[in-house]
Amino acid sequence: MATKKKPQPKKLTPEDEAKKLKPQLVMALTGDFNVIFANAMHGARALQSAEAVLRSQLKNWDGQHPKRFAAIAQAFRRAALDVAKSERPPNVALSAALDEAWPLRRTLLARARVAASEGLIPQKDIDDILKGSGGLDCGDDLEALAKLFSKTWEQTGASLLLTQETLAKAKALAAIIHRHLRPSGQRTFTDAQLKAARLLRDRLHTLLTLTYDELWPFAALAFGRGDLDANFPLLQTRSVEQPKHEDAAPTPPDRGARPPAAKVNAKVKSQPKAKPAATPSPDESAEPTPTGDAQGQALR
């Protein structure tokens, strides 16, 4: 009689592991995520190359550690890219355009109301324009008003004291607003989705940092004092020291905040735990997105 195989436990993804972290451990991302990712992948490859050395000194060394480290780094980079694609950094050109666009919109709308009261423009066209309130609406309205006045120029131009230069300015500002608020290929999140994406990025960053600290003693054992920083650099390190060769001039190492590792015994008694930064509350774990007055009006 065939025995039933026990169901294998589901293998957790880096995202699953990150979501299981306690809120008080989560550290907000600081620094360039591309630098962190590059250093983590460099360290993972170096540990894989040191497999034979580690197995010769540690009977229980698990060769999956470097692969898991690399997988977490890749998941962290995906999450950080999602946030970067959806955040709108301060946009000087857009802010300047909106500063000019809102007063011009008010002026043209006032002229349009006068024209509508005299029967020169259909009131329905004005009502459609009045429905908008955001920055993108402002651009749409300027474009619509410029087209409306251009279409009725013979009736409205002279009577409303409009100029072709004013209409050209409205069209130019509308084009700038549309170009910056409708960038091609940009992924958009709602505020709630963006907050969740930031939290996942920070959780994965925390998991990557904790895993780095768990693997650091093994890296110290594998590479020794001289080549540790070159092979297993700190995650925030901007440059990686290359391994020394007899025919190459020595390069000063960039050791970051951690002091050089002393020689580690073959038996690693304990692994250092990560020291979290200032603890964010569960509701404040996502970073706020700075917006100016003009930028605030850009959102519908």
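Residues numbered from 1 in each chain as written. Predicted model: local features only at pLDDT ≥ 70, side-chain atom pairs only at ≥ 80, totals over all residues. Heavy atoms only, no water.

## Things to note about the overall build of the protein
Phase 1: Broken down by element type, the protein carries 11 helices and 0 strands.
Phase 2: Ordered by position in the sequence, the α and β elements of the protein form the string α-α-α-α-α-α-α-α-α-α-α.
Phase 3: Taken across its 300 residues, the protein has 39% of its residues classed as buried.
Phase 4: Within the protein, contacts between residues at least 6 apart in sequence are counted, and of these 80% link residues at least 24 apart.
Phase 5: If you sum the accessible surface of the protein, you get close to 18000 Å²; carbon and sulfur atoms cover 54% of it. (Helix = DSSP H or I, 4+ residues; strand = E, 2+ residues; numbered from the N terminus. Buried < 20%, exposed > 50% of the residue type's maximum accessible area, 1.4 Å probe, protein only. Contact = heavy atoms within 4.5 Å. Areas by Shrake-Rupley, 256 points an atom, 1.4 Å probe, with all protein chains shown as cover.)

## Looking at helix α4 (residues 64–86)
Owing to its 3.6 residues per turn, the α-helix aligns residues three or four sequence positions apart on the same side.
Phase 1: Counted at 1.5 Å a residue, the expected span for α4 with its 23 residues is 33 Å, and the 33 Å between its end C-alpha atoms agrees.
Phase 2: All of the buried residues in α4 are P66, F69, A70, I72, A73, A75, F76, A79, A80, V83 and S86.
Phase 3: Residues of α4 that are buried make contact with α1 (14–19), α2 (33–49) and α10 (191–231). (Expected span 1.5 Å × (residues − 1).)

## Things to note about the confidence of the model for the protein
Phase 1: For the protein, the average pLDDT comes to 77, and 72% of its residues sit at 70 or higher.
Phase 2: Below pLDDT 50 for its whole length, residues 240–300 participates in 100 contacts with residues either more than four positions away or in separate chains. (pLDDT = per-residue confidence, 0-100.)

## Notes on the packing of aromatic side chains
Phase 1: According to the stated counting rule, one finds 3 aromatic pairs in the structure shown.
Phase 2: Judged by centre distance (5.9 Å) and plane angle (35°), the rings of F69 and F232 are tilted. Placement of the pair is F69 in helix α4 and F232 in the loop between α10 and α11 (293–297), with a sequence separation of 163 residues. In terms of burial, F69 and F232 fall into one category: buried.
Phase 3: Ring centres of Y212 and F232 lie 4.7 Å apart, and the angle between their planes is 10°; on these two criteria the pair is classed as stacked. One end of the pair, Y212, is in helix α10; the other, F232, is in the loop between α10 and α11, with 20 residues separating them in the sequence. You'll find Y212 and F232 in the same group, each marked buried.
Phase 4: By way of ring pairs, the aromatic residues F69, Y212 and F232 are connected into one cluster.
Phase 5: Between R77 and the ring centre of F37, over which it is positioned, the NZ or CZ distance is 5.2 Å. (Phe/Tyr/Trp six-rings, centres within 6.5 Å; stacked < 30°, edge-to-face > 60°. Lys NZ or Arg CZ within 6 Å of the ring centre and 35° of its normal.)

## Some thoughts on α10
Phase 1: Relative to the 60 Å expected for 41 residues at 1.5 Å per residue, α10 spans just 40 Å between its end C-alpha atoms, considerably shorter than the ideal helical length.
Phase 2: Helix geometry: α10 is bent most strongly at G224, by close to 120°.
Phase 3: In terms of burial, α10 is largely enclosed, as 29 of its 41 residues are buried. (Bend = angle between axes of the 7 residues up to and from the residue.)

## Here we look at the environment of A110
Phase 1: Take A110: it is sitting in helix α5 (residues 92–117).
Phase 2: Here A110 falls in the partly exposed class, since its relative accessible area comes to 37%.
Phase 3: Residues A110 and L160, 50 residues apart in the sequence, show an inter-C-alpha distance of 9.9 Å.

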